[in-house]
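Results of the structural survey
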Number of protein chains: 2
Amino acid sequence: MFVPTLMGQCTPEQQAYWLPRALDMQIIGTYAQTELGHGTFIRGLETTATYDPETETFVMNSPTLTSYKWWAGGLAKTVNYCIVVAQLYTKGVCHGTHPFIVQIRDEETHMPRPGVKVGDIGPKLGFNTADNGYLGFDNYRIPRDNMMMKNAQVLKDGTYVKVARHGKATYGTMVFVRVLLVNEAAFNLAKACTIAVRYSAIRRQCSPDSEGSELQVLDYSTQQHKLFICIATAHALQLNSTWLWKTFSDTLAAIKQGNVDTLPELHALSSCLKALSTADAASLIEQCRHACGGHGYMMSSGLPYLYAFVTATRTYEGDYTILLLQTARFLVKAYEQVEAGKPLTPTVSYLSQAFTGKKLPWDSSPDGIIRAFQALAAGKLSSTVKSLRKRLESGLSYEQAWELSTIQLNGAAEAHCRAVMSQNYKSEIERLTVNSSPNVKLVLQQLYKVYLYYWALERTGDLLLYTSISESDIFELQLRYEGLLKEIRPNAVGIVDAFDLRDEVLHSALGSYDGNVYERLMAEAQKSPLNAEPVNQTFHTYLKPMMKGKL
Amino acid sequence: MFVPTLMGQCTPEQQAYWLPRALDMQIIGTYAQTELGHGTFIRGLETTATYDPETETFVMNSPTLTSYKWWAGGLAKTVNYCIVVAQLYTKGVCHGTHPFIVQIRDEETHMPRPGVKVGDIGPKLGFNTADNGYLGFDNYRIPRDNMMMKNAQVLKDGTYVKVARHGKATYGTMVFVRVLLVNEAAFNLAKACTIAVRYSAIRRQCSPDSEGSELQVLDYSTQQHKLFICIATAHALQLNSTWLWKTFSDTLAAIKQGNVDTLPELHALSSCLKALSTADAASLIEQCRHACGGHGYMMSSGLPYLYAFVTATRTYEGDYTILLLQTARFLVKAYEQVEAGKPLTPTVSYLSQAFTGKKLPWDSSPDGIIRAFQALAAGKLSSTVKSLRKRLESGLSYEQAWELSTIQLNGAAEAHCRAVMSQNYKSEIERLTVNSSPNVKLVLQQLYKVYLYYWALERTGDLLLYTSISESDIFELQLRYEGLLKEIRPNAVGIVDAFDLRDEVLHSALGSYDGNVYERLMAEAQKSPLNAEPVNQTFHTYLKPMMKGKL
């Protein structure tokens with residue numbers, strides 16, 4: 001975030017000074033926004049930068065414990081520079097949060113500079129190589145030039161000058177990071193699938209009859225049910241990340257032409273895709289771990305690290321719940337546009353269905369299921385808007401009515417995102433396999449069908465409300481889903497091999513290409529420091545005295 | 001497990017020798033059953049104990065890498081005795097698995113005895129104080145007397161004599177451990193709730209209008225939606241554990257009277273209650289962590305430890321999927337009993353509904369919702385049996401048809417268990433609050449309503465299939481659920497305080513009674529070894545040379 005923020009928030013002159021040093025690694029930096037007491041709500045940040053025209057410096061302060069910066073990666077022991085987001089005060093007026101380049105450590109000795117309090121925030125779930133730190137200031141001065149002045153300036157005399165529309169300027173970086181996170185979710189889920197599917201082909205358990213040899217656990221329906229949705233989701237997330245990247249590039253190009261019309265849609269899409277991708281990937285990685293039984297619990301399986309890494313992305317750069325609510329706000333506006341007879345942007349054009357008042361005729365083809373997901377999203381949104389208006393009619397303010405409806409709003413945003421993801425998954429597969437062999441097409445289609453059937457069967461309640469699906473249709477879909485798992489089974493190992501993840505990348509005793517699961521588990525166990533000596537000193541100190549009744 | 005197994009599997013003479021030494025801590029033991037390559041399927045264990053009449057000893061061997069014992073707690077560095085489950089061979093015949101008391105370390109020096117290979121299995125997800133070990137044997141001899149002979153004996157000449165019905169004898173210990181696990185799930189979920197609810201009363205975020213101060217996050221509907229189901233579930237699990245304990249005691253008493261009729265039902269109940277309790281507790285503890293944002297990720301929050309501890313219980317002592325399938329087997333038998341006009345045991349008596357062919361009239365009272373959950377369980381079981389029979393008709397064997405239907409069978413077992421848990425939750429609350437104040441009753445009723453509404457709204461698909469619930473009924477239930485959250489809000493902190501968990505037990509910077517969240521987070525951070533020196537040696541070794549372009 002240090003370099004992208006330098007690029008996005010500095011004037012050309014500032015860039016010319018800072019960028020070469022940062023890219024050359026002469027200085028190492030990080031981006032510190034979140035504080036101990038403040039995350040999502042940027043307006044609530046407490047760190048202050050007060051301009052002093054006498055010395056032409058900003059005086060940085062952390063007025064409270066909760067104002068300490070917290071979490072920034074690399075901050076604890078590594079970086080010597082930091083982009084600090086602080087409330088800007090000049091001439092006694094607060095102008096809101098602005099970014100400042102702050103040197104926190106001496107370039108030669110690496111000692112924290114006087115007035116800078118910096119350190120490690122302590123151990124976290126799995127994620128202990130990120131060097132997350134805290135940072136506080138006690139009347140620490142930085143030159144006026146260190147304010148990042150692309151969007152706003154403080155002149156030498158302390159006059160505040162707004163240059164660009166503040167706010168939208170940071171959109172680019174934010175959406176860019178979300179695209180990366182969707183991509184990362186896909187990549188890590190693919191790793192977890194590879195580990196769990198390969199292990200399930202090695203691991204054997206029980207035999208259906210009393211005499212036969214034990215089956216590969218991958219032969220069991222329940223195991224296929226746990227794992228094949230993970231493979232399909234890894235594909236879905238990867239393709240949605242590609243699609244989001246393309247949409248992002250198109251929007252950037254349009255903005256350069258002065259057209260910002262597609263920006264709200266991009267923001268709504270990147271919000272919900274980031275939310276759903278990271279949440280789905282995290283819960284499915286955990287499902288992969290469960291599918292590996294006890295051995296999935298070993299750190300040497302690699303799975304606990306993957307889970308810890310991905311579950312963090314569910315929270316940072318916009319928490320799951322908050323991001324879905326941002327998408328919901330866009331959807332409610334879109335709903336009002338339909339009511340007003342105004343045209344809709346492409347990803348919400350299906351919302352016109354919300355007004356037919358009729359159930360969508362059920363059609364179990366992939367396109368039919370995608371239309372059903374859209375009908376379901378439209379139906380849920382419509383029902384949510386009904387709740388919202390009922391509350392407004394009862395005399396509540398819009399904010400109050402909105403707050404009381406947030407559970408339903410999140411449900412509507414999730415349904416919208418699922419419909420978008422399903423549509424993109426299918427259309428990207430079709431686009432990319434135009435020249436593929438029929439066999440490749442078949443396998444990829446089997447996987448997106450697994451995705452569609454799985455989510456249809458998870459959402460039968462909504463389907464029954466908003467489509468004409470019947471009990472026998474559901475029963476039939478369940479049987480088709482179960483049949484599909486058996487069709488995928490013979491190719492399952494080949495499909496995860498196709499992710500082409502080297503053993504060094506997987507770093508898993510369970511998932512290596514050679515399948516030597518048990519040899520690797522034992523070899524990893526031997527590395528435990530506890531195995532360095534046959535009898536631990538604690539035996540003599542504690543155990544033996546206790547056993548001899550002398551404690 | 002060492003002492004209970006000694007009590008359950010030894011003859012009185014053996015008990016007289018071993019128990020006093022174990023209870024006195026003169027020896028420390030563990031129970032080693034699971035092997036590197038074998039978990040659930042006990043018949044597949046590979047460790048052998050071969051009787052040699054010449055020396056009147058058993059020769060213990062680990063013929064393969066996969067036969068190494070793996071996971072037993074305390075084994076790695078602590079215990080000097082071990083109950084080892086091994087395939088018994090005598091006179092050239094294998095008599096299946098039996099338990100043996102094996103001395104693995106010298107009582108004086110603690111050195112592993114010659115022929116014993118024992119060590120640590122390496123780091124696991126969170127759970128690194130359990131001293132889990134591995135154990136292998138190379139022609140290691142133990143006296144004949146060390147076979148635990150309550151249920152089967154090997155005479156001096158090697159003759160094998162079966163004493164008791166093998167198998168059912170171990171039922172008691174197994175069910176006992178499951179009761180403990182349900183109880184433990186409740187206790188740990190209560191800890192997580194306490195942490196997350198208290199923190200949510202301290203943490204503030206955003207304000208509904210632009211001028212107001214930031215709200216406590218506990219005031220947000222989405223936060224209440226995440227957390228209040230956790231409190232209700234902690235109550236539900238605690239009360240179901242009490243109920244299961246009582247059912248267990250009644251069954252034991254009946255067995256002593258020679259009546260084993262209720263044993264299958266107890267087995268089916270303890271299986272699904274263990275499965276659902278540990279799975280619900282683990283996922284809701286993780287939901288509590290998510291509800292704490294970034295700080296829930298700090299180890300000092302205590303939440304990652306709680307999750308690691310409870311997610312393990314989902315797998316050990318019977319994996320989630322396997323245990324639900326055991327319940328499903330009981331349910332299918334019960335279904336056949338209804339068809340045959342035979343009477344049913346109490347917890348499945350509702351299954352007679354599966355044959356009415358009519359939808360249950362929807363009634364949104366608590367009793368009505370519980371009846372709906374039963375109708376839903378009966379309907380799902382009926383639909384599953386239909387799948388099973390369709391597959392049998394197509395010519396598959398029973399084992400094949402069963403295997404193909406396991407996804408649905410698990411769904412039916414989960415629905416059954418949810419109905420049982422809901423019923424027990426409500427009736428135990430009523431039983432325990434007969435003499436309580438109206439206010440206490442009110443609060444406890446609000447919580448079980450949260451549980452019932454929450455699960456009804458999660459299962460609208462099944463409710464629409466098996467009850468007469470309509471779209472407007474669902475809409476109405478959603479609004480009632482949202483209203484209930486607001487009713488509980490003022491008492492939420494008081495309700496978790498009532499779990500009466502001391503700060504020393506919670507061990508959480510976020511959850512302490514005094515609410516000094518930020519002070520404690522900072523104090524915990526200061527304990528990080530990285531904060532012991534202002535500049536880490538790695539700066540001089542790696543960072544500085546890199547920054548000076550000399551790497």
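Our subject is the structure that appears above.
Described in the following lines is the structure provided in the data block. The model shown is predicted, which means the values in this text are computed figures rather than measured ones.

Let us now look at the sheet that holds strand β4 (residues 69-70) of chain B. Spatially, three strands are ordered β4-β8-β7 (chain B) in an open sheet, and the strand pairing comes out antiparallel. At either end of the open sheet lies a strand with only one pairing partner, and these are β4 and β7 (116-120) of chain B.

This next bit is on the nonpolar core. Counting residues in each nonpolar core, the largest one holds 276 residues, and the members touching the most others are A:Trp70 and B:Trp70. Filtering out sequence-adjacent residues up to four positions away, A:Trp70 remains in contact with A:Thr34, A:Glu35, A:Leu36, A:Ile121, A:Gly133, A:Tyr134, B:His295, B:Met298, B:Leu521, B:Met522 and B:Ala525.

When chain A is fitted to chain B, the residual RMSD is 0.0 Å, and the transformation amounts to a turn of 180° plus an axial shift of 0.0 Å. The two molecules are tied by a two-fold rotation axis, judged by turn and shift. Of every C-alpha in chain A, the one belonging to A:Gly461 sits nearest the axis of rotation, 1.6 Å from it. When the interface residues of chain A are mapped onto chain B, 100% of them again fall at the interface, so both copies present the same face.

What follows concerns the packing of aromatic side chains. Taken as a whole and assessed by the stated rule, the structure comprises 29 aromatic pairs over all chains. An angle of 65° between the planes, with centres 5.0 Å apart, marks the rings of A:Phe58 and A:Phe100 as edge-to-face. Residue A:Phe58 is found in strand β3 (residues 57-61), and its partner A:Phe100 is found in strand β6 (residues 93-103); the two are separated by 42 residues along the sequence. In terms of burial, A:Phe58 and A:Phe100 fall into one category: buried. Arranged with centres 5.5 Å apart and planes meeting at 85°, the rings of B:Tyr425 and B:Tyr451 form a pair that is edge-to-face. With B:Tyr425 in helix α10 (residues 406-432) and B:Tyr451 in helix α11 (residues 438-458), the pair connects residues that are 26 residues apart, well separated along the chain. B:Tyr451 matches B:Tyr425 in its accessibility class, with the two residues each being buried. Here a set of aromatic residues connected by ring pairs shows up, and it is made of A:Tyr17, A:Trp18 and A:Tyr81. Geometry around A:Tyr320 places A:Arg314 over its ring, the cationic atom sitting 4.5 Å from the centre.

Okay, the packing of helix α4 (residues 221-256) of chain B against helix α5 (residues 263-291) of chain B next. All names here are of chain B. Two elements in contact, α4 and α5, have axes whose closest approach is 9 Å; the angle formed by their N-to-C orientations is 160°. With respect to α5, the axis of α4 lies roughly antiparallel. Along this stretch, α4 crosses α5, giving a crossing that reads as left-handed. Along the lines of polarity and charge, the residues of the contact of α4 with α5 split into 16 nonpolar, nine polar and two charged.

Let's shift gears to the state of the cysteines. Residue and element names in this part refer to chain A. On inspection of all chains with the given rule, the structure shows zero disulfides over all chains. In this structure Cys-10 is a free cysteine whose sulfur lies 14 Å from that of Cys-82, the closest cysteine sulfur available. Here Cys-272 is not cross-linked by a disulfide; its sulfur's nearest cysteine counterpart is in Cys-417, at 3.3 Å.

Basis of the calculations
Residues numbered from 1 in each chain as written. Chains lettered and ligands numbered in written order. Predicted model: local features only at pLDDT ≥ 70, side-chain atom pairs only at ≥ 80, totals over all residues. Heavy atoms only, no water. Pairing = 2+ DSSP bridges. Helix = DSSP H or I, 4+ residues; strand = E, 2+ residues; numbered from the N terminus. Core = buried A, V, L, I, M, F, W, Y, C linked by side-chain atoms within 4.5 Å. Buried < 20%, exposed > 50% of the residue type's maximum accessible area, 1.4 Å probe, protein only. Contact = heavy atoms within 4.5 Å. Least-squares fit on C-alpha atoms with pLDDT ≥ 70 in both. Phe/Tyr/Trp six-rings, centres within 6.5 Å; stacked < 30°, edge-to-face > 60°. Lys NZ or Arg CZ within 6 Å of the ring centre and 35° of its normal. Axes fitted to C-alpha atoms, helices over the stretch in contact; angles between N-to-C directions. Parallel < 35°, antiparallel > 145°, perpendicular 65-115°, else oblique. Left-handed = near helix turned anticlockwise from the far one by under 90°. Nonpolar A, V, L, I, M, F, W, Y, C, P; charged D, E, K, R; others polar. Disulfide = S-S within 2.5 Å.

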